[in-house]
Structures are given as structure tokens and as C-alpha cells.
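# Understanding the architecture of this molecule
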Amino acid sequence: MSVLTTMQQHTPGWAPRIAVVLGSGWGSLTEHLSHAVQIPYTELEGFPQPTVAGHSATLWLGNLGTQPVAVMSGRKHGYETGAVDGMAKPLKMLKELGCHTLVQTNAAGSVRTDMPPQSLMLLHDHLNLPQRSPLVGLSGSDRFVNMVDAYDPALRAHARHTAQAKGVMLFEGTYAWFLGPQFETPAEIRMAQRLGADAVGMSTVPETILARHLGLRVLALSFITNFGAGMSTEQLSHAHTLQQAQEGSAKASQLLADIIAHLP
Ligand code: HPA
């Protein structure tokens, strides 16, 4: 079934305005959707067929409050194939369907001693440490995307206000992208700290670049599952990330639903 056919099953004239990417720990957001329909990525040309355990591959269409949203549960990561443009087609399609904003979520490691596991962090900027871009190979002068305020200041202010109103602690900081899939070394975590990072992770940055190229506003949130390598005695693993993400999922998704339902 195509996205267009499925959209026609909603009320006439329904079209998503906000695209959402769910990372580990944010899956419960779909429980907040009303009038939701699901389309497996296998039925959507150009959508990724994720290979990571714990990551699903479904597009959800529905409403959060009065906002029509398209929620991508499952993303393509650079570490899967080495290509970093795996989300180019889905984002382009969602823009063509009517989305003007991309809300991204991820699981991340904290490199700040005062931001423990189970924290939530709003991204105010990022470090593209691999210096890889999903725009390489494109032509035209619009590929020279301005990355100042890539994480929209008005949307960030709205997220901060929502968290404050709901009594949820929300950190704000810089996300450093590592390609992965291996976790960082302790030396790399010390490097990230010195470069001004607050959190580290293996996603989000390519999609932010793609979204800014498409002219979409971007808001992004990290769920902190662990301290960076070498900062604590805990053993980092994908299973540990998923387990931590699962524990905090309800709180994170509730805040996200509240933020999106009243997004300006
Ligand atoms: N490093 C990179 N990616 C991650 C981490 C981490 O410590 N935790 C969750 N995703």
C-alpha cells in the first residue's frame, strides 16, 4: 500500500505536517497517536529495511493532539552500510506529503558527569566528527547548507517550556556523532569532552543535514542510556542501551508527545 492510499483512508485532506524519527527508547510515542495506521517499510519504496535488533521498520500515520504526524519507527544508520544518505528518500517523500518539521530522537551516551543515564537532552548543536555528509554528490548551490541554528531556536524554546511546565528535567547540549558501530574508546570520549560535546551517539546528524537541505525545521532529543566509555564501570553493549532505553521509554515519550502536540 502506498503512503498516498493510506493517507486517503484518513479523513479527506489529511496530510502529515510533522515527521518524527524514533530512536531506541522512544517507541512508546506511537501509543499516544490517535487514528493511527501503520505501513511496514517493506511496502514503502526507498524506506530502509533496518538490520538492528530492537529497531523496528514501520511508518505510522496519525495525530498527536491536533497535529498530523508521520512517525518513522526505524532509521538507517551510517554504520550499517557505510552510506550516510539512507534516510534521504524517506525524508524527501515526507516533505512532499506536506511535512515542514522533522523531530528526531535517539539514544546517546553522556560525556557530562552531571547528566546521568535516564536523562533527557535537547540538542542545540552537533559535531559531525566523521565529517561525512549525505549531500556529497549532489549538484546545485543549495547543497551548501547553512548549519547555524540547524536545531530550530523557536522549537527548542517550545521544548524547554513544555518540559518546565510538565516538571521534567531537560538538559540541552551538543551531540557528537560517531559513525560506529563500535562504541567509543575512553580517549575518544575525552576528546569529545574537550571539543565541547555533551553527548555522543551514532545517528541523527545525517538526517539533520538532509532535513536542512530540504528546508525542514529540526528539533532533536536524546535519551541518555549510559555514561561515555571509561567514565563509569558499566559495560557498554547494545543490550544495555536497549534495556536502559526501555526503562525510560514512558517518560521520554510522554514529554515528546506533549512537545509535538503543541508545536508552534
Ligand atoms: N556511544 C555511542 N552511541 C550510543 C551510546 C554511546 O555511549 N549510548 C547509546 N548510543
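Look a little higher up for the structure.
In this text, all values refer to a predicted model and were calculated from it rather than measured experimentally. (Residues numbered from 1 in each chain as written. Predicted model: local features only at pLDDT ≥ 70, side-chain atom pairs only at ≥ 80, totals over all residues. Heavy atoms only, no water.)

Moving on, we come to the overall build of the chain. The number of helices and strands found in the chain is 7 helices and 9 strands. Computed over the C-alpha atoms, the radius of gyration of the chain is 17 Å, within 12% of the 18 Å expected from 2.2 N^0.38 for a compact globule of 264 residues. Principal axes of the C-alpha set define a box for the chain whose edges measure 55 × 45 × 35 Å. The buried share of the chain, reckoned over its 264 residues, is 54%. Restricting the contact set of the chain to residue pairs at least 6 apart, pairs at least 24 apart contribute 81%. Element-wise, carbon and sulfur atoms account for 53% of the exposed surface of the chain, whose accessible area totals about 11400 Å². Computed over 17 positive and 19 negative side-chain charges, the inter-centroid distance for the chain is 5 Å. (Helix = DSSP H or I, 4+ residues; strand = E, 2+ residues; numbered from the N terminus. Rg over C-alpha atoms; globule rule 2.2 N^0.38 Å. Buried < 20%, exposed > 50% of the residue type's maximum accessible area, 1.4 Å probe, protein only. Contact = heavy atoms within 4.5 Å. Areas by Shrake-Rupley, 256 points an atom, 1.4 Å probe, with all protein chains shown as cover. Lys, Arg positive; Asp, Glu negative; His and termini not counted. Charge placed at Lys NZ, Arg CZ, Asp CG, Glu CD.)

So, on to unusual backbone geometry. Across the junction of Gly180 and Pro181, the peptide omega takes the value 0°, indicating a cis bond. Within the secondary structure, Pro181 sits in the loop between strand S7 (171-177) and helix H5 (186-194). One non-glycine residue, Asp149, adopts positive backbone phi at about 55°. One can find Asp149 in the loop between strand S6 (120-128) and helix H4 (153-166). Assessed through its relative accessible area of 45%, Asp149 is described here as partly exposed.

Close contact between H4 and helix H7 (residues 238-261) brings their axes to 9 Å; oriented N to C, the two are set at 125°. Taken together, the axis directions place H4 and H7 in an arrangement best described as oblique. For the crossing formed where H4 meets H7, the hand is right-handed. For the pair H4 and H7, the contacting residues are His158, Ala159, Thr162, Ala163 and Lys166 in the first and Leu255, Asp258 and Ile259 in the second. Residues of the contact of H4 with H7, tallied by class, amount to 4 nonpolar, 2 polar and 2 charged. (Axes fitted to C-alpha atoms, helices over the stretch in contact; angles between N-to-C directions. Parallel < 35°, antiparallel > 145°, perpendicular 65-115°, else oblique. Left-handed = near helix turned anticlockwise from the far one by under 90°. Nonpolar A, V, L, I, M, F, W, Y, C, P; charged D, E, K, R; others polar.)

Moving on to the site of the ligand. All residues adjacent to the ligand are Ala107, Ala108, Gly109, Phe183, Glu184, Val200, Gly201, Met202, Thr225, Asn226 and Thr241. Here a nitrogen atom of the ligand sits 3.4 Å away from a polar atom, N or O, in the main chain of Gly109. Here a nitrogen atom of the ligand and a side-chain polar atom of Glu184 are 2.8 Å apart. Those elements giving two or more residues to the shell around the ligand turn out to be strand S5 (101-110), strand S8 (199-201) and strand S9 (217-227). Of all the elements, S5 adds the most residues to the shell around the ligand, at 3 residues. Of the residues assigned to the shell around the ligand, the class counts are 5 nonpolar, 5 polar and 1 charged. (Near = heavy atom within 4 Å. Polar contact = N/O pair within 3.5 Å; in protein donor to acceptor, adjacent residues only side chain to side chain.)

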